[in-house]
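Residues per chain, in single letters:
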Number of protein chains: 2
Amino acid sequence: MQHNWLIQPCASLNETARRAALARQGQLTKPPGALGKLEGLAVQFAAFQGVAKPEVQRIHISIFAADHGVAAENVSLFPQAVTAEMVRNFARGGAAISVLAQHLNAALEVINLGTVSVVEPLKNVRDERIAAGTANFAQSAAMTQSQCQQALAAGRNAALRAQQNGAQLFIGGEMGIANTTSASALACALLNESSQKLAGAGTGLDAAGISHKAQIIAAALALHALLPSPIGKWSRGAGAHVTSQEVLRCLGGFEIAGLAGAYIAAAQQGLPILVDGFISSVAALVAVRINPSARDWMLFAHTSAEGGHQRVLDALAAQPLLQLGMRLGEGSGAAVAVPLIQLACSLHSGMATFAEAGVSEQH
Amino acid sequence: MQHNWLIQPCASLNETARRAALARQGQLTKPPGALGKLEGLAVQFAAFQGVAKPEVQRIHISIFAADHGVAAENVSLFPQAVTAEMVRNFARGGAAISVLAQHLNAALEVINLGTVSVVEPLKNVRDERIAAGTANFAQSAAMTQSQCQQALAAGRNAALRAQQNGAQLFIGGEMGIANTTSASALACALLNESSQKLAGAGTGLDAAGISHKAQIIAAALALHALLPSPIGKWSRGAGAHVTSQEVLRCLGGFEIAGLAGAYIAAAQQGLPILVDGFISSVAALVAVRINPSARDWMLFAHTSAEGGHQRVLDALAAQPLLQLGMRLGEGSGAAVAVPLIQLACSLHSGMATFAEAGVSEQH
């Protein structure tokens, strides 16, 4: 398989529909702008869907699960077994995202890209294990070239399935013990920031735990010659060309690569993306660095309680819809934001205009 | 009718159910606290409903509509006729709150407490007109004692209807051209703040319009001897006892009094309240000043774009769920927040515990 699919152009937004939707917003029975961010959301979906009155009913949620070699460095409060245990919990309906998907009547699939332990066949779980977790990036590159491409392609396939099933919104989620460590390391390398700034509490580390995590990340950045430097070049040297995909390969996880691949492919197909929290946003950053026009198809659901999230959102010029202090992952924050999008579209499409309602306009 | 109903005690929250819900939150398959504000919401509803697994399906929305004499002072961009026109729009399904109520399958009623023009009989609109608008509070008290009590009682009746219909959540909304002027004046008097600080754009005034509005309010505060003073006493004098109900009578509107009465009665019956934006929050402040324990039954939906809202929220120690820059009123911001409450309860009640799911707990 050719892997230049990653840099193929993304779909174009329909600017005619956007203008028509903007004009309609100005005619609805409310003061201009009075619905705040909901107005822009509806207009954005008009541009996504190429229609004057968008609707968002069919939601596709793909959760990518994988283990991380760096879990051996004692960077998480939870044992690695939890990744596979949560795959079972997703499938059986007990996890947060399972409950949310049912409430939203969303399609939910889990893609196992590499838990350490084998998981028995389960409904709605796809066994696409690349390896028994990534390698420990504190010692070597997390993935081989081939593994990284395989994970990106698995994400692409998830987005293609969503599109084939008629999805109007794609949500990616992730599960992987230690994956905030991987995501923070990626963010440090891509944003030229220190690990002290971007390492966070993850599932609930205390200050000492966060400090240890930051040290592990800093050492790994040095090992891979990806330390930030004052001139904004990686320490591989000013002359060295290091691609974002190479950064992903060294520091990422299968599930983060899966998300990045899914986002790029969704954008190429014109399928709007609702990005979840910290790890998903780092995957979105990877995707945008590989294929900048993918950004056009991304909306951001919420600001996570994870410390580094705001910095990543800023780098993506993202203005999330919700600030609820969530930090669970699994796509849960994105799922919680779905009703806002649905209500925004309902208001846009269902409200009367001043003329229809016989309501006087402003002086 | 005796009007001491206003100070009768509010219902008690069920602290046993709150503790049980808190304990359950700690057992669900997620890191503690990872669902952020959604966790506290579910626990709060457990205490409201006295059950371990709350649900919020039946929503009652009462919109109070009335005109304001102070509209004569050129404080709004829209003509006064819009109040009655919007009553029709609510009833016919074209207004924002109509669309939201339908989407949420919520019961919606409109109570006309005093539009200037008579509105023909309409489905779901109750004609309870007290007068053809309030008096212009820039010249005299907005309401007589009797009118103010009548408006408060109309609110109480709405809350009683909601309770009788089995509502699990009460949302109040308002419509009244010039009512941000009334609400800002009330907030100035109750919070001892200047009108320069609390007057805002309303439906979209520019800086000159806001300045004019602040001057009208300042003059009215002086007229009613309710100007803020450095010692935190109204200018009626240190010896004068001015009740919050008297402030409401001088500066309020029928719909604001209706909301305040509804909030107090809902709290007395143990019916949780979701407060909308600026005007509703000022009504909530009036309610809490009259009957402090009403605060226990209030949740706050969103921070409005209206300038003075944050100050009012701070006075109520309120931490709203949403920050979407909305400023429409009608209960619309509260309606938009309803799915968050429903999802919070679904997560709380539907997620598996660590034991149920066979997921390992933290080290």
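I will try to describe carefully the structure that is included in this document. (Residues numbered from 1 in each chain as written. Chains lettered and ligands numbered in written order. Predicted model: local features only at pLDDT ≥ 70, side-chain atom pairs only at ≥ 80, totals over all residues. Heavy atoms only, no water.)

### Quick word on the overall build of chain A
- Looking only at helices and strands, chain A features 14 helices and six strands.
- In summary, chain A has a C-alpha radius of gyration of 21 Å against a globular reference of 21 Å for 363 residues, a match within 12%.
- When its C-alpha atoms are laid out on the principal axes, chain A stretches across 70 × 50 × 45 Å.
- Taken across its 363 residues, chain A has 63% of its residues classed as buried.
- Summarising the internal contacts of chain A: among those between residues at least 6 apart in sequence, 74% fall at separations of at least 24.
- Approximately 12100 Å² of chain A is accessible, and the part contributed by carbon and sulfur atoms is 51%.
- With 23 positive and 22 negative side-chain charges, chain A shows a separation of 4 Å between the mean positions of the two kinds. (Helix = DSSP H or I, 4+ residues; strand = E, 2+ residues; numbered from the N terminus. Rg over C-alpha atoms; globule rule 2.2 N^0.38 Å. Buried < 20%, exposed > 50% of the residue type's maximum accessible area, 1.4 Å probe, protein only. Contact = heavy atoms within 4.5 Å. Areas by Shrake-Rupley, 256 points an atom, 1.4 Å probe, with all protein chains shown as cover. Lys, Arg positive; Asp, Glu negative; His and termini not counted. Charge placed at Lys NZ, Arg CZ, Asp CG, Glu CD.)

### Considerations on the side chain of Arg 24 of chain A
Residue and element names in this part refer to chain A.
- Mapped onto the fold, Arg 24 is located in helix α1 (residues 15-27).
- We note that Arg 24 is buried and unpaired, the nearest opposite charge coming from Glu 356 at a distance of 5.0 Å.
- Leave out the neighbours within four places in its chain, and Arg 24 touches Lys 53, His 348, Ser 349, Gly 350, Met 351 and Thr 353. (Salt bridge = Lys/Arg side-chain N within 4 Å of Asp/Glu carboxyl O.)

### Concerning the interface of chain A and chain B
- Each side of the interface is counted separately: chain A has 54 residues, and chain B has 53 residues.
- Taking both partners together, chain A and chain B bury about 4600 Å²; carbon and sulfur atoms supply 67% of that area.
- Taken as a group, Phe 78, Leu 324 and Leu 343 of chain A account for 13% of the area that chain A buries against chain B, more than any other trio of residues on that side.
- Where chain A touches chain B, the interface holds zero salt bridges.
- Linking chain A to chain B there are 14 residue pairs in polar contact (both at pLDDT 80 or more).
- Of all the elements in the fold, those that place two or more residues in the side of chain A that touches chain B are α2 (37-49), α3 (81-92), α4 (96-104), α13 (332-350) and α14 (354-357) of chain A.
- By residue number, the principal contributor to the side of chain A that touches chain B is α13 of chain A, which donates nine residues. (Buried area = accessible area lost by both parts, 1.4 Å probe. Polar contact = N/O pair within 3.5 Å; in protein donor to acceptor, adjacent residues only side chain to side chain.)

### Concerning the pairing of strand β2 (residues 107-114) of chain A
Residues and elements named next belong to chain A.
- Among the eight residues that make up β2, seven are buried, leaving the element largely enclosed by the rest of the structure.
- Of the strand pairs in this sheet, strand β1 (residues 59-66) and β2 are connected by seven bridges, and their pairing is parallel. What sits directly across from Ser 62, in β2, is Glu 109. (Pairing = 2+ DSSP bridges.)

### Describing the relation of the copies chain A and chain B
- Between chain A and chain B, the superposition needs a rotation of 180 degrees and an axial shift of 0.0 Å, giving an RMSD of 0.0 Å. Read as a symmetry element, the transformation amounts to a two-fold axis. (Least-squares fit on C-alpha atoms with pLDDT ≥ 70 in both.)

### Some points on the packing of aromatic side chains
All names here are of chain A.
- Within this structure, the stated rule accounts for six aromatic pairs over all chains.
- When the ring of Phe 48 is compared with that of Trp 297, the centres are 5.0 Å apart and the planes differ by 20 degrees; the resulting orientation is stacked. Here Phe 48, found in helix α2, pairs with Trp 297, found in the loop between α11 (278-290) and β6 (298-300); they are 249 residues apart in sequence, far enough to count as distant.
- The exposure class assigned to Trp 297 is buried, which follows from its relative accessible area of 1%.
- What links up through ring pairs into an aromatic cluster is the set Phe 45, Phe 48 and Trp 297. (Phe/Tyr/Trp six-rings, centres within 6.5 Å; stacked < 30°, edge-to-face > 60°.)

### Some remarks on the sheet that holds β2 of chain A
Residues and elements named next belong to chain A.
- Strand order in the open sheet formed by six strands is β3-β2-β1-β4-β5-β6, with parallel pairing between adjacent strands. A strand with exactly one partner marks an edge of an open sheet, and here the two such strands are β3 (125-127) and β6. On average, adjacent strands in this sheet sit at an angle of 25 degrees to one another, irrespective of strand direction.
- In this structure, strand β4 (residues 169-175) lies alongside strand β5 (residues 273-275), joined through two bridges in parallel fashion. Looking at β5, one finds that Ile 171 is bridged to Leu 274.
- Strand contacts of α11: β4, β5 and β6, with the helix running at about 155 degrees to β6, the strand carrying the most contacts. (Axes fitted to C-alpha atoms, helices over the stretch in contact; angles between N-to-C directions.)

### Structural notes on the sheet that holds strand β2 (residues 107-114) of chain B
Residues and elements named next belong to chain B.
- Overall, parallel pairing links the six strands, which are arranged β3-β2-β1-β4-β5-β6 in an open sheet. Two strands close off the open sheet at either side, each with one partner strand: β3 (125-127) and β6 (298-300). Each adjacent strand pair in this sheet contributes to an overall mean axis angle of 25 degrees, direction not counted.

### A short note on α3 of chain A
- Here α3 of chain A is 12 residues long and its end C-alpha atoms lie 17 Å apart, about the 16 Å a rise of 1.5 Å per residue gives.
- In the core, the buried residues of α3 of chain A are packed alongside β1, α4, β2, β3 and β4 of chain A together with α14 (354-357) of chain B.
- A positive phi of about 95 degrees marks Gly 93 of chain A, the residue just after α3 of chain A. (Expected span 1.5 Å × (residues − 1).)

### A word on the pairing of β4 of chain A
All names here are of chain A.
- Most of β4 is tucked away, with seven of its seven residues classed as buried.
- Taking every second residue as pointing to the same face, both faces of β4 are buried, with Leu 169, Ile 171, Gly 173 and Met 175 on one and Phe 170, Gly 172 and Glu 174 on the other.
- Both β1 and β4 contribute to a ladder of seven bridges, which runs parallel. Across the sheet, residue Ile 61 finds its bridge partner in β4, namely Ile 171.

### Observations regarding the packing of helix α5 (residues 145-164) of chain B against helix α9 (residues 244-251) of chain B
All names here are of chain B.
- It is the contact of α5 with α9, at a shortest axis distance of 10 Å, that shows an interaxial angle of 105 degrees. Taken as axis vectors, α5 and α9 run roughly perpendicular relative to one another. When α5 is examined against α9, the residues Gln 145, Cys 148, Gln 149 and Leu 152 are found in contact with a partner set consisting of Gln 245, Glu 246, Leu 248 and Arg 249.
- Along the lines of polarity and charge, the residues of the contact of α5 with α9 split into three nonpolar, three polar and two charged. (Parallel < 35°, antiparallel > 145°, perpendicular 65-115°, else oblique. Nonpolar A, V, L, I, M, F, W, Y, C, P; charged D, E, K, R; others polar.)

### Remarks on the pattern of salt bridges
All names here are of chain A.
- Under the counting rule described, the total for this entry stands at 18 salt bridges over all chains.
- A salt bridge links Arg 161 to Glu 109, with the nearest nitrogen and oxygen atoms 2.9 Å apart. Taken as a pair, Arg 161 in helix α5 (residues 145-164) and Glu 109 in strand β2 lie far apart in primary sequence, 52 residues in all. We note that Arg 161, like Glu 109, is buried.
- The closest approach of N and O atoms between Glu 128 and Arg 126, which form a salt bridge, is 2.8 Å.
- Owing to a relative accessible area of 35%, Arg 126 belongs among the partly exposed residues under this scheme.
- Through salt bridges with shared partners, a single ionic network connects Arg 88, Arg 92 and Glu 120.

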